[in-house]
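Architecture at a glance
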Amino acid sequence: MAIDEAVTLKKLEVFLAFMRMGNMARVSERLSQSVVSVHRALHSLEEGVGCPLFKLDGRKLIPLQTAYTLAEYAERVVRECEEGLRRTRETAGFASPRLKIGSLYSLTVGTIPELLIKLKVRKSGLDVDLTLGSNRLLLELLSQGRLDAIVIALREEYPDDSLLSVPLFDDDIFFAAPEGSPYAHDSEIDLARLRDEKFVALDDEYATASNFSHAFQIAGYEPQLAMRVGDIFSLVNLVSGSVGYSLLPGRVLPFSPRIQLIPLAEKYRTRQTIALMLPKKRERDPNLLALAAECRMLGAARA
């Protein structure tokens, strides 16, 4: 079936933005278009599709099931087109002036700012978009092509031959307690003695949650969890507020002067490798080459 000329990529972008935001004013601001232009694009797209996509509820535009169906496919179309254009420019020898990098929240104090400053010195004309999230989310966005590279924590080697890994540094996991806790003067912590204590932990999609579970498997019991949270800053605040103890990587110590990190006993000791991950098929991209070079230099400086 021929595609109606009213169905364009630009209108699909407007449509997807509206489906995500649900508000024409916000779409207008995001895309630097007038509200009238946004409304016209949605109405024209609806005519080109040949069936209703929305219904009016007062002055509000409500998506129908047809709109959700279209959005599912439009997302793929726009993403594939973006990827095709990017690969075409790469073939011609033109690197994008923008790099989309993903990072863990816990790396935003120290590692990521230092890395981005060095990258900007090396490539002053490069603009960087930074996305923060969990290991799982960042890996998904990288696989979808929505991020160019990510810096994450790995407990073991990541089994994906399509990705290139550049290690930056290793980070040990510690027992985290509030200042002045009963364990403040212990030189190391035997988790087997802490069966009656309350703990707080990160959601399972974070690498630190894997270290947490592994350590307690060795201890031979399930810890009593007072709470699970979705970001490292909240977790540190819960520990400092004496809601519960936790297991945290050493890099979080600067986050709060009110927590103490105590080494674990030898049999519980575990660590993470902080690494840059990027698609092997793009390892010759000039921007990613520069990023990988800075990561290697940063890693060598911390070795």
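Residues numbered from 1 in each chain as written. Predicted model: local features only at pLDDT ≥ 70, side-chain atom pairs only at ≥ 80, totals over all residues. Heavy atoms only, no water.

Some words on the overall build of the chain
Rules: Segments assigned H or I by DSSP are reported as helices when at least four residues long, segments assigned E as strands when at least two residues long, and all are numbered from the N terminus. Burial classes: relative accessible area under 20% of the type maximum marks a residue as buried, over 50% as exposed, and values in between as partly exposed (1.4 Å probe, protein chains only). By the convention used here, residues are in contact when the closest approach between their heavy atoms is within 4.5 Å. All accessible-area figures derive from a Shrake-Rupley calculation using a 1.4 Å probe, and residue coverage is judged against the displayed protein chains alone. The charge count includes Lys and Arg as positive and Asp and Glu as negative, but it does not include His or the ends of the chains. Just so you know, the charge point we use is NZ for Lys, CZ for Arg, CG for Asp and CD for Glu.
Along the chain, the regular secondary structure elements total 9 helices and 11 strands. Projecting the C-alpha coordinates of the chain onto the three principal axes gives extents of approximately 70 × 50 × 30 Å. A total of 303 residues make up the chain; the buried ones form 43% of that total. Within the chain, contacts between residues at least 6 apart in sequence are counted, and of these 75% link residues at least 24 apart. Accessible surface, the chain: about 16400 Å² in total, of which carbon and sulfur atoms supply 51%. Averaged over its 38 positive side-chain charges, the chain has a centre that lies 4 Å from the centre of its 40 negative ones.

Considerations on the nonpolar core
Rules: Only buried Ala, Val, Leu, Ile, Met, Phe, Trp, Tyr and Cys residues count toward a nonpolar core, and they belong to the same one when joined by side-chain atoms within 4.5 Å.
Judged by nonpolar contacts, the single largest core of 36 residues is most densely connected at Ile150, Ile152, Leu276, Met277 and Leu291. Going through the elements one at a time, strand S3 (98-103), helix H5 (111-122), helix H6 (135-143), strand S5 (149-154), strand S6 (163-178), strand S11 (271-279) and helix H9 (286-302) are the ones with two or more residues in this core. Within the second largest apolar cluster, 21 residues are counted, among which are Phe18, Ala41, Leu45 and Val78.

Concerning the side chain of Asp148
Quick reminder of the rule: Contacts described as polar in this section are N or O atom pairs within 3.5 Å, which, within protein, must combine one atom able to donate a hydrogen with one able to accept it, while residues neighboring in sequence count only if both atoms come from side chains.
Here Asp148 is to be found in the loop between H6 and S5. Here Arg282 takes part through its side chain, which lies 2.7 Å from a polar atom of the side chain of Asp148. The residues contacting Asp148, other than those within four sequence positions of it, are Arg98, Leu99, Lys100, Leu142, Leu278, Pro279, Arg282 and Leu288.

Remarks on unusual backbone geometry
At Ser32, a position not held by glycine, the phi torsion is positive, near 55°. With respect to the helices, strands and loops of the structure, Ser32 is situated in the loop between helix H2 (24-31) and helix H3 (35-49). For Ser242, which is not glycine, the phi dihedral falls at a positive 65°. Mapping Ser242 onto the fold places it in the loop between helix H8 (232-240) and strand S9 (246-249). Classification of Ser242 as exposed rests on a relative accessible area of 53%.

Focus on the packing of H2 against H3
Note the threshold: Here an axis means a line fitted to C-alpha atoms, over the contact stretch when the element is a helix, while the angle between two N-to-C directions is reported on a 0 to 180 degree scale. Convention used here: angles under 35 degrees read as roughly parallel, angles over 145 as roughly antiparallel, angles from 65 to 115 as roughly perpendicular, and any remaining angle as oblique. Asp, Glu, Lys and Arg are counted as charged, while Ala, Val, Leu, Ile, Met, Phe, Trp, Tyr, Cys and Pro are counted as nonpolar; the rest, among them Gly, fall into the polar class.
Where H2 contacts H3, the two axes come as close as 8 Å, and the packing angle between them is 105°. The pairing of H2 with H3 is recorded here as roughly perpendicular in orientation. Facing H2, whose interface residues are Met24, Ala25, Val27 and Ser28, H3 presents Val35, Val38, His39 and Leu42. Tallied by class, the residues present in the contact of H2 with H3 amount to 6 nonpolar, 2 polar and no charged.

Quick word on helix H7 (residues 207-219)
Test applied: In this analysis, the expected span of each helix is defined as 1.5 Å times one less than the number of residues it contains.
With 13 residues, H7 extends 19 Å between its outermost C-alpha atoms, agreeing within 8% with the 18 Å of an ideal straight helix rising 1.5 Å per residue. The complete set of buried residues in H7 reads Ala207, Thr208, Ala209, Asn211, Phe212, Ala215, Phe216 and Ala219.

What to know about the packing of aromatic side chains
Here is the rule: Think of it this way: a Phe, Tyr or Trp ring, Trp meaning its six-membered ring, pairs with another when their centres are within 6.5 Å, and the plane angle makes it stacked under 30 degrees, edge-to-face over 60, tilted otherwise.
A complete count under the given rule lists 13 aromatic pairs for this structure. An angle of 65° between the planes, with centres 6.2 Å apart, marks the rings of Phe15 and Phe54 as edge-to-face. Of this pair, Phe15 sits in helix H1 (residues 9-21) while Phe54 is found in strand S1 (residues 54-57), placing the two residues 39 residues apart along the sequence. Residues Phe15 and Phe54 agree in their burial class; the two are buried. Through successive ring pairs, a cluster of aromatic residues spans Phe175, Tyr183, Phe199, Phe212, Phe216, Tyr221 and Tyr245.

Here we look at the pattern of salt bridges
We count it as follows: Salt bridge, as used here: a side-chain nitrogen of Lys or Arg that lies within 4 Å of a carboxyl oxygen of Asp or Glu.
Taken as a whole and judged by the stated rule, the model has 16 salt bridges. With its nearest N and O atoms 2.7 Å apart, the salt bridge here joins Arg122 to Glu294. Of this pair, Arg122 sits in helix H5 while Glu294 sits in helix H9; the two residues are 172 residues apart in sequence, bridging distant segments of the chain. Residue class for Arg122 comes out partly exposed when judged on its relative accessible area of 41%. Residue classification places Glu294 among the buried residues on the basis of a relative accessible area of 6%. Across the pair Arg282 and Asp148 runs a salt bridge whose closest N-O atoms are separated by 2.7 Å.

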